[in-house]
Structure formats: structure tokens, C-alpha cells
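Listed below are the residues making up each chain.
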Amino acid sequence: MDKIAVLIPCYNEAKTIEKVVRDFRQALPEAVIYVYDNNSTDSTPEIAEKAGAVVRHEYKQGKGNVIRRMFREIDALCYIMADGDDTYPADYAREMCNKVLEKGADMVVGDRLSSTYYDENKRPFHNFGNDLVKKSINFIFKSDIKDIMTGYRAFSYEFVKTYPVLSRGFEIETEMSIHAIDKNMYVENVEVEYRDRPEGSESKLNTFSDGFKVIKTIIRLFRDYKPFAFFSVISSVLFILALIFFIPVLIDYFKTGLVAKFPTLIVCGFVVMASIQSMFSGLTLESLRRKSKQDFEMKLIQANNDKKIKS
């Protein structure tokens, strides 16, 4: 088992990967640096290997698929994950590692948004999207993570070996954040500087398509991790709609003693039934979620025991 493993997912980062590997070797000389190539069409893997990294491959396209492979294959007491585009300085890696190894943090978030991100990033929709995602998740899940979508993080062995990777693309960072919040894991924030990509290096993130994927992921995870709250919202909306259409029918009945809009009354009845069904669905799923959290605690204990054996 490695003491520290630096994990760098890469796709066509030939321009920057050598500097990234060398910077992390200098910042963490005791670490093993793994570069996972995701079907690059340039010389990324060859350059990374010459720079001193252990190069491995993931042939299913998508950052989520790469992270799944990395987490499955690598055993370490502490993991540092960073992108291969040289936007995250390696200088902060030691501080992030110390929070895992000495303070017992399960996830350390490299917080760009409190530092230089808004000055360096020249894409306004990215800035808006980061703010929207951060505020939405912190509001829904009652958390205080400073940067939800950062690719610069540190993890404990327990987090890596108990985290189920479901997303395939860039929405993976959102999923990791919500997983840590929901499972009551110890999360720390470290303010880091952010550098925009050097000239000639292109982002793989599509502002709109990947942005919609992130929003869909938030809604999906809200449903999965807070089912009672999610279905309560649906139940309340249905009940209010039924009430709005029912009030005129009730007023007519008091005035005339007759139900003039009988089809409306029937529809209102079905909508109220759907509202009640949604509420009870939320209650049922909430019970299942609590059982899932109990099972997860047992997985954490097992992962901790495995770490002691391997180390």
C-alpha cells in the first residue's frame, strides 16, 4: 500500500502533463504518481511516463469511468486527485495530505472559488454554474463545502473504498461532494490558487451540455439521498394544484347546491390521491435510505480493518 498516491486523470494533456508530474514529484517526493490515460490521441502517456509517472489506461471514455478505475486499483493511506491541465498548483498538496493523514479528514476540497478562480477563469457561464451548484447543494443538504466542482481533492482510504462511482463524466465531482455530506464524512476545505489553462490547452468541459448533466445529477441525488424531502415537494405541489381547481367548484356548490364542474372535481380527487401516494413513497424510501446508511457504516468499519491489514 502506498502512503500517498497522486491520481491524475488525463485526456490529451501533452502540453501540460510533464510539468504537472514534476511539480507533484517535487511537492510530494514520497508519493507514487499515477497518470490514467483516457484514450488520448496525442503523446500524453509517453510524456507522463518519461516524467516519472506510473501510466495506466482506462478505455471507457469519461472522467467518472477513469476515477472508478483509479479508486478500484490503487491502495493508499492518502489520495490526491488533480487534473492534468496544470490549473491546480501542487504547492497545496502537502497541506491537503496532512489533513487526511493527521486530522483524519475523509475528503479535502481544494477551494478555488475563495481564491483566484473568478479572476483567472475567462468563461462567465462557468463562474455562474459553479456558484449555482455550490449554493444549491449547500442549501439542499445543509452543508458548507466551498467548491463543489473542483477537481483538486484529497481522500482517505475509507472514502475511496466505500464510494460507489455512478457518474460517467464531469458531474462526478458533484456526486462525490453529496456522497460525503450524506454519509456524515469529515470534510475539510483548503483554499488553493487556480490558474487558467495555458495557451494552446483546451478544456474538455462543455459549458452547456455538461452543465445540464450536473443539474440532472443534483436532482437525481436529491431524490436518492433525501427522498422524503424530494417527494414531499412533489406531494405539496400536487395538493396545491388540486386545491386551486377545487376552490371554484366548492364556491359554486355553496352558491347553487350543485356541482357544475363534475369532471374537475374528479380530476382534483385523483390529483389528491397522487399527492398522498407521493408522500407515502417518500416515507418508504426514507426508511430504506436509513437502512442503507446503517449498512454503509459497516462498510466503513470493514474498509478501516482492510487498511490496517494492508498497511
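Now for a description of the structure that goes with this document.

The rules behind these values
- Residues numbered from 1 in each chain as written.
- Predicted model: local features only at pLDDT ≥ 70, side-chain atom pairs only at ≥ 80, totals over all residues.
- Heavy atoms only, no water.
- Salt bridge = Lys/Arg side-chain N within 4 Å of Asp/Glu carboxyl O.
- Helix = DSSP H or I, 4+ residues; strand = E, 2+ residues; numbered from the N terminus.
- Buried < 20%, exposed > 50% of the residue type's maximum accessible area, 1.4 Å probe, protein only.
- Phe/Tyr/Trp six-rings, centres within 6.5 Å; stacked < 30°, edge-to-face > 60°.
- Lys NZ or Arg CZ within 6 Å of the ring centre and 35° of its normal.
- Patch = residues over 30% accessible without salt bridge, like charges linked within 9 Å, V, L, I, M, F, W, Y side chains within 5 Å.
- Areas by Shrake-Rupley, 256 points an atom, 1.4 Å probe, with all protein chains shown as cover.
- Contact = heavy atoms within 4.5 Å.
- Axes fitted to C-alpha atoms, helices over the stretch in contact; angles between N-to-C directions.
- Parallel < 35°, antiparallel > 145°, perpendicular 65-115°, else oblique.
- Nonpolar A, V, L, I, M, F, W, Y, C, P; charged D, E, K, R; others polar.

1. Some details on the pattern of salt bridges
Scanning the entire structure with this criterion turns up 23 salt bridges. Between D86 and K19 there is a salt bridge whose closest N-O contact spans 3.5 Å. Within this pair, whereas D86 is found in the loop between strand 4 (76–81) and helix 4 (93–101), its partner K19 is found in helix 1 (residues 17–27), the two being separated by 67 residues in sequence. Judged by relative accessible area, K19 falls into the partly exposed class, the value being 40%. D144 is the salt-bridge partner of K146, the closest N and O atoms lying 3.2 Å from each other. On the accessibility criterion, K146 (31% relative accessible area) is partly exposed.

2. Comments concerning the packing of aromatic side chains
Under the counting rule described, the total for this entry stands at eleven aromatic pairs. Measuring from centroid to centroid gives 5.4 Å for F159 and Y163, while their planes differ by 25°, and the two rings are stacked. Comparing F159 with Y163 shows no difference in burial state: the two are buried. Three or more aromatic residues link up through ring pairs in this structure, and these residues are F71, Y79, F155, F159 and Y163. It is K183 that lies over the ring of F296; its NZ or CZ is 5.4 Å from the centre.

3. Side note on a nonpolar patch on the surface
Residues V233, V237, F239, I240, L241, L243, I244, F245, I247 and I251 make up a contiguous nonpolar surface patch of about 900 Å² in total accessible area. Along the chain, F239 turns up in helix 10 (residues 227–256). According to the relative accessible area criterion, F239 is partly exposed, its value standing at 44%.

4. Observations regarding the side chain of K183
Position of K183 relative to the elements: it lies in the loop between helix 8 (172–182) and strand 7 (187–191). Excluding residues that lie within four positions of it along the chain, K183 makes contacts with Y225, F296 and E297.

5. Examining the packing of helix 3 (residues 63–73) against helix 8
Following both chains from N to C, one finds helix 3 and helix 8 inclined at 50°, their axes separated by 9 Å at the closest point. Relative to helix 8, helix 3 is oriented oblique. Packed against helix 3, whose contacting residues are K63, G64, I67 and F71, the element helix 8 presents I172, E173 and M176 at the interface. Class assignment of the residues belonging to the contact of helix 3 with helix 8 gives a composition of four nonpolar, one polar and two charged.

Everything listed here is a matter of coordinates, which is why it stays silent on function.
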